[in-house]
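# Residue-level structural notes
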Amino acid sequence: QVQLVESGGGLVQAGGSLRLSCAASGLTFNSYAMGWFRQAPGKEREFVGVISRSLGITYYRYYADSVKGRFTVSRDNAKNTVYLQMNSLNPEDTAVYYCAAGRIASTNPPMDYWGKGTLVTVSS
């Protein structure tokens, strides 16, 4: 029973920051790439970012062009938790944000498990 539980969503003004968390259970956490996706009102779900399992001396990260330089994915394997730090938010970032786990770290990779999402609303 894999569970991914997001938290940290809420209302923030444009230009502000939020950090989302995703607590994972029921899987060997460090064997998975962990990613974030989002779905804005009236839009399709889109890729946000992903972080690999530990490879060599570092992790590898991939981001959508729309969030590069503003969002950072990180993970704490001891806590089975992945984070999404979101800075310089704008109203176009308003969406339900979903945590996901998969076998591949790349740009917009397929994912095997999904959380239920947390809502981020950015006011102008």
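Scroll up a little and you will see the structure.
I will try to describe carefully the structure that is included in this document. (Residues numbered from 1 in each chain as written. Predicted model: local features only at pLDDT ≥ 70, side-chain atom pairs only at ≥ 80, totals over all residues. Heavy atoms only, no water.)

Further remarks concern the packing of aromatic side chains. Across all of its chains, the model carries 3 aromatic pairs by this definition. Each ring, one from Y32 and one from Y113, has its centre 6.1 Å from the other, and the planes form 65°; the classification is edge-to-face. Of this pair, Y32 sits in the loop between β3 (18–25) and β4 (33–39) while Y113 sits in strand β10 (residues 113–114); the two residues are 81 residues apart in sequence, bridging distant segments of the chain. With relative accessibility at 31%, the residue Y113 sits in the partly exposed group. Among the aromatic residues, ring-to-ring pairing joins F37, F47 and W114 into one connected group. (Phe/Tyr/Trp six-rings, centres within 6.5 Å; stacked < 30°, edge-to-face > 60°. Helix = DSSP H or I, 4+ residues; strand = E, 2+ residues; numbered from the N terminus. Buried < 20%, exposed > 50% of the residue type's maximum accessible area, 1.4 Å probe, protein only.)

Turning our eyes to something else, we now look at the pattern of salt bridges. Considering all chains together, one arrives at 4 salt bridges under this definition. Notably, a salt bridge pairs R38 with D93, separated by 2.9 Å at the nearest N-O pair. Of the two residues, R38 sits in strand β4 while D93 sits in the loop between β8 (81–86) and β9 (95–102), which places them 55 residues apart along the sequence. Note that K68 is salt-bridged to D65, the shortest N-O span being 3.1 Å. Exposure remark for D65: the relative accessible area of 65% places this residue in the exposed category. Residues joined in a network through salt bridges with shared partners are R38, E46, R70 and D93. (Salt bridge = Lys/Arg side-chain N within 4 Å of Asp/Glu carboxyl O.)

Here we take up the sheet that holds strand β1 (residues 3–7). In a beta sheet, neighbouring strands are held together by backbone hydrogen bonds and run either parallel or antiparallel to one another. Taking strand neighbours across the sheet as the criterion, the 4 strands line up as β1-β3-β8-β7 in an open arrangement whose pairing is antiparallel. Either end of the sheet is taken by a strand with one partner, and the two such strands are β1 and β7 (71–76). The average undirected angle you get between the axes of adjacent strands in this sheet is 15°. Strand direction decides the pairing type here: β3 and β8, joined by 6 bridges, are antiparallel. Paired with S21 across the two strands is Y83, which belongs to β8. (Pairing = 2+ DSSP bridges. Axes fitted to C-alpha atoms, helices over the stretch in contact; angles between N-to-C directions.)

Before going further, it helps to examine the side chain of R75. Structurally, R75 can be placed in strand β7. The charged side chain of R75 is buried without a salt bridge, its nearest counter-charge being D76 at 8.4 Å. At 2.9 Å, the side chain of R75 forms a polar contact with the backbone oxygen of F29. Setting aside residues up to four positions removed in sequence, R75 forms contacts with F29, N30, Y32, A33, M34, I51, S52, R53, Y59, T81 and V82. (Lys, Arg positive; Asp, Glu negative; His and termini not counted. Polar contact = N/O pair within 3.5 Å; in protein donor to acceptor, adjacent residues only side chain to side chain. Contact = heavy atoms within 4.5 Å.)

Our focus in this paragraph is the environment of Y98. Its location among the elements puts Y98 in strand β9. With 25 residues separating them along the chain, Y98 and V73 place their C-alpha atoms 13 Å apart. Not counting residues up to four positions away in its chain, the partners in contact with Y98 are E6, G35, W36, F37, Q39, W114, G115, K116 and G117.

Bear in mind that shape data such as this cannot, by itself, settle questions of function.
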